[in-house]
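# Examination of the molecular architecture
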Number of protein chains: 2
Amino acid sequence: MADSDTRQRILDAAELLFTQYGFEATTLRRITGAAEVNLAAVNYHFGSKEELIRELFRRRLTWLNQQRLQELDRLEAEAGDKPLKPSQILEVFFGVALRMAADTKGGGRAFMRLLGRTYAKPSDFVRGFLAEEYAAVVARFKAALIKALPGVPGEEILWRFHFMLGAMSYAISGTDALHIVAEDALDDDDAEALYARLMSFMLGGLRAPLPALPAKSAKSPRIRKAA
Amino acid sequence: MADSDTRQRILDAAELLFTQYGFEATTLRRITGAAEVNLAAVNYHFGSKEELIRELFRRRLTWLNQQRLQELDRLEAEAGDKPLKPSQILEVFFGVALRMAADTKGGGRAFMRLLGRTYAKPSDFVRGFLAEEYAAVVARFKAALIKALPGVPGEEILWRFHFMLGAMSYAISGTDALHIVAEDALDDDDAEALYARLMSFMLGGLRAPLPALPAKSAKSPRIRKAA
DNA sequence: GTATGATTCAAACAACTGTTTGAAACATAC
DNA sequence: GTATGTTTCAAACAGTTGTTTGAATCATAC
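Predicted model only: the values in this text are computed from it and were never measured.

### Focus on the overall build of chain A
Tallying secondary structure elements over chain A gives nine helices and zero strands in all. Put simply, 73% of the contacts in chain A that link residues at least 6 apart link residues at least 24 apart. Of the roughly 10800 Å² of accessible surface on chain A, 53% is carried by carbon and sulfur atoms.

Written out as structure tokens, the structure is:
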């Protein structure tokens, strides 16, 4: 009974509206209006608008990342000490996310879109939360990828991971943005097709030949690997 | 003088602040404060905050896309009717952007970051402008890519193009976001290294084997296939 | 000099923001 | 029934928002 109906209604309405209009542009009055609760309910149940946002991320993101770690655990256990295939690793990390994004009914889609944007431009007060929530996950997946791709240096993998996050983010905010760019070219694919497309693109990128980096500019020691 | 000093000062300050805090969270008072002009100057010179934003995009984006088309023209003229190499095409489209993004002094960097975010979540009133500004460019590059990659269907190319835009966007807002995820993993590479990394990733993705798409649901208008 | 038009300025505007308040309504225990 | 604690509600709060105003300043022409 800790979660009153009101709490849930607010979270759901907020998720949708934040996705549509962003954090700043979404007012408490619109949220409580859509949720059909009293204006003061947000501050009563969550304390403030910021904490509402944090709670919103918590309930989804924590679950999402637990899921990712859990599936990776299972896979690695199965494989013994043989390295996983890169495709397997990507399928776990992005598969979980895209499956969540495909869930239009439960609001997962709204959340994933919100997440993609927020990750690209974290408001100061979610930044810390994101870092905390992601650190362990990224570390685990980076390690798995390094093991899976012995030819590719860790730094490169991290960058490519980052590029992949970008591709995924755009894939999810997807259809909308594509209409900006291509007048009518696409009917909206279903999630499965998108998943297949994205995955083959990412795998291609991940396994691409290493770039010829410019002569490592004798950049003064950036406290890089400190003593 | 059509362009008073004030106008320019406002645009520069606005570009920086919008990048840092987003459109909604950046107030006219902060802008005019940073630009050291009177508050009323924005409405006097631009009419409204929205038109200031539009003007801001206009002065950069128009130039950027003209540049892209121009370079593509030159390349295609050189090649006669032989198709270009995919790498050449990507180098034009993303090279121009990344060179602009590398320009920290002229404020190009600030703008490109702003653009990446805005593209992912266009405020209603820039959406139309973006579409108009991008339509021709994307059409040209799509055509060039189709010619360069006869094996890949146009729809697939468009999606991959979209994924690449995402990768680029994240690459540019880049270092910030990566610090969320990886505590200190990178000293800031120079733009050239980022360019090389991104390019090899994209080329890998662009040339990846085609995905095995799920049984194509009836393609005709919006109606979903009754599974 | 004066006249004309563009630009700047401080001040005010109405509208909206997140938050607080204190009383009302509700539930659950005794 | 009364008492107790939780939740809702309308109203108000103080602060900020983009925009407007009308007088002051500046530049340039006559």
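Structure's up, so let's keep going.
### Comments concerning the packing of helix α6 (residues 108-120) of chain A against helix α7 (residues 124-148) of chain A
The relative placement of two packed helices is expressed as an angle between their axes plus a distance between the axes. Residue and element names in this part refer to chain A. As a packed pair, α6 and α7 sit with axes 10 Å apart at the nearest point and diverge in direction by 105°. On the basis of the axis angle, α6 is roughly perpendicular to α7. In this structure, α6 uses Leu115, Thr118 and Tyr119 to contact α7, whose residues at the interface are Val126, Leu130 and Tyr134. Residue composition of the contact of α6 with α7, by class: five nonpolar, one polar and no charged.

### Focus on the protein's contact with DNA strand C
Close contacts around DNA strand C come from 15 residues, with Thr27, Arg29 and Lys49 of chain A together with Thr6 and His45 of chain B the closest. Among all atoms of DNA strand C positioned within 4 Å of the protein, those belonging to sugar or phosphate total 52%. Note that a phosphate oxygen of DNA strand C is positioned 3.2 Å from one of the side-chain N or O atoms of asparagine 43 of chain A. Within the contact set of DNA strand C, a phosphate oxygen lies 3.0 Å away from a side-chain nitrogen or oxygen of tyrosine 44 of chain B.

### Details of unusual backbone geometry
Residue and element names in this part refer to chain A. You will see that glutamate 36, though not glycine, has its phi angle at about 55°, which is positive. In this fold, glutamate 36 is placed in the loop between α2 (28-35) and α3 (41-46). Looking at glutamate 36, the relative accessible area reads 66%, which means it is exposed.

### Structural notes on the packing of aromatic side chains
If you walk through the whole model with that rule in mind, you get 19 aromatic pairs over all chains. Seen from their ring centres, phenylalanine 93 of chain A and phenylalanine 141 of chain A are 5.0 Å apart, and the 75° between their planes marks the pair as edge-to-face. With phenylalanine 93 of chain A in helix α5 (residues 86-102) and phenylalanine 141 of chain A in helix α7, this residue pair connects regions lying 48 residues apart in the sequence. Accessibility classification places phenylalanine 93 of chain A together with phenylalanine 141 of chain A in one group, the buried group. Here phenylalanine 201 of chain A and phenylalanine 163 of chain B contribute two aromatic rings whose centre-to-centre distance is 5.3 Å and whose plane-to-plane angle is 55°, an arrangement assigned as tilted.

### Concerning helix α7 (residues 124-148) of chain B
Residues and elements named next belong to chain B. With 25 residues, α7 extends 35 Å from end C-alpha to end C-alpha; this agrees with the ideal 36 Å at 1.5 Å per step. Of all the bends in α7, the greatest, near 40°, is centred on tyrosine 134. By the burial criterion, the buried members of α7 are Val126, Phe129, Leu130, Glu133, Tyr134, Val137, Val138, Phe141, Ala144, Leu145 and Ala148.

### As for the nonpolar core
Within the largest apolar cluster, 140 residues are counted, with the highest numbers of intra-cluster contacts made by Met112 and Met168 of chain A together with Met112 and Met168 of chain B. Other than its neighbours up to four places away in sequence, methionine 168 of chain A contacts Phe94, Ala97, Leu98, Met112, Leu198 and Met202 of chain A.

### Focus: the confidence of the model for chain A
Per-residue confidence for chain A gives a mean pLDDT of 85, with 86% of residues at or over 70. Counting contacts from residues 220-227 of chain A, a segment whose pLDDT is below 50, to residues more than four positions away or on other chains yields four contacts.

### A look at the protein's contact with DNA strand D
Lining the immediate surroundings of DNA strand D are 15 residues, of which Thr6 of chain A together with Thr27, Leu28, Arg29 and Lys49 of chain B lie closest. Among the atoms of DNA strand D lying within 4 Å of the protein, the sugar-phosphate backbone contributes 50%. Within the side chain of threonine 6 of chain A, one N or O atom sits 2.4 Å away from a phosphate oxygen of DNA strand D. Here a phosphate oxygen of DNA strand D sits 2.8 Å away from a polar atom, N or O, in the side chain of lysine 49 of chain B. Taken together, the elements giving at least two residues each to the surface near DNA strand D come down to α3 of chain A together with α2 (28-35) of chain B. Split into classes, the residues belonging to the surface near DNA strand D amount to five nonpolar, seven polar and three charged.

### Description of the pattern of salt bridges
Residues and elements named next belong to chain A. Within the structure shown, the criterion is met by 25 salt bridges over all chains. Between glutamate 55 and arginine 7 there is a salt bridge, and its shortest N-O distance comes to 3.9 Å. Of this pair, glutamate 55 sits in helix α4 (residues 49-79) while arginine 7 sits in helix α1 (residues 5-21); the two residues are 48 residues apart in sequence, bridging distant segments of the chain. For the residue pair glutamate 55 and arginine 7, the accessibility class agrees, reading buried in each case. Connected through salt bridges with shared partners, the residues Asp12, Glu15, Arg59 and Arg60 form a single ionic network.

Definitions and limits used
- Residues numbered from 1 in each chain as written.
- Chains lettered and ligands numbered in written order.
- Predicted model: local features only at pLDDT ≥ 70, side-chain atom pairs only at ≥ 80, totals over all residues.
- Heavy atoms only, no water.
- Helix = DSSP H or I, 4+ residues; strand = E, 2+ residues; numbered from the N terminus.
- Contact = heavy atoms within 4.5 Å.
- Areas by Shrake-Rupley, 256 points an atom, 1.4 Å probe, with all protein chains shown as cover.
- Axes fitted to C-alpha atoms, helices over the stretch in contact; angles between N-to-C directions.
- Parallel < 35°, antiparallel > 145°, perpendicular 65-115°, else oblique.
- Nonpolar A, V, L, I, M, F, W, Y, C, P; charged D, E, K, R; others polar.
- Near = heavy atom within 4 Å.
- Polar contact = N/O pair within 3.5 Å; in protein donor to acceptor, adjacent residues only side chain to side chain.
- Buried < 20%, exposed > 50% of the residue type's maximum accessible area, 1.4 Å probe, protein only.
- Phe/Tyr/Trp six-rings, centres within 6.5 Å; stacked < 30°, edge-to-face > 60°.
- Expected span 1.5 Å × (residues − 1).
- Bend = angle between axes of the 7 residues up to and from the residue.
- Core = buried A, V, L, I, M, F, W, Y, C linked by side-chain atoms within 4.5 Å.
- pLDDT = per-residue confidence, 0-100.
- Salt bridge = Lys/Arg side-chain N within 4 Å of Asp/Glu carboxyl O.

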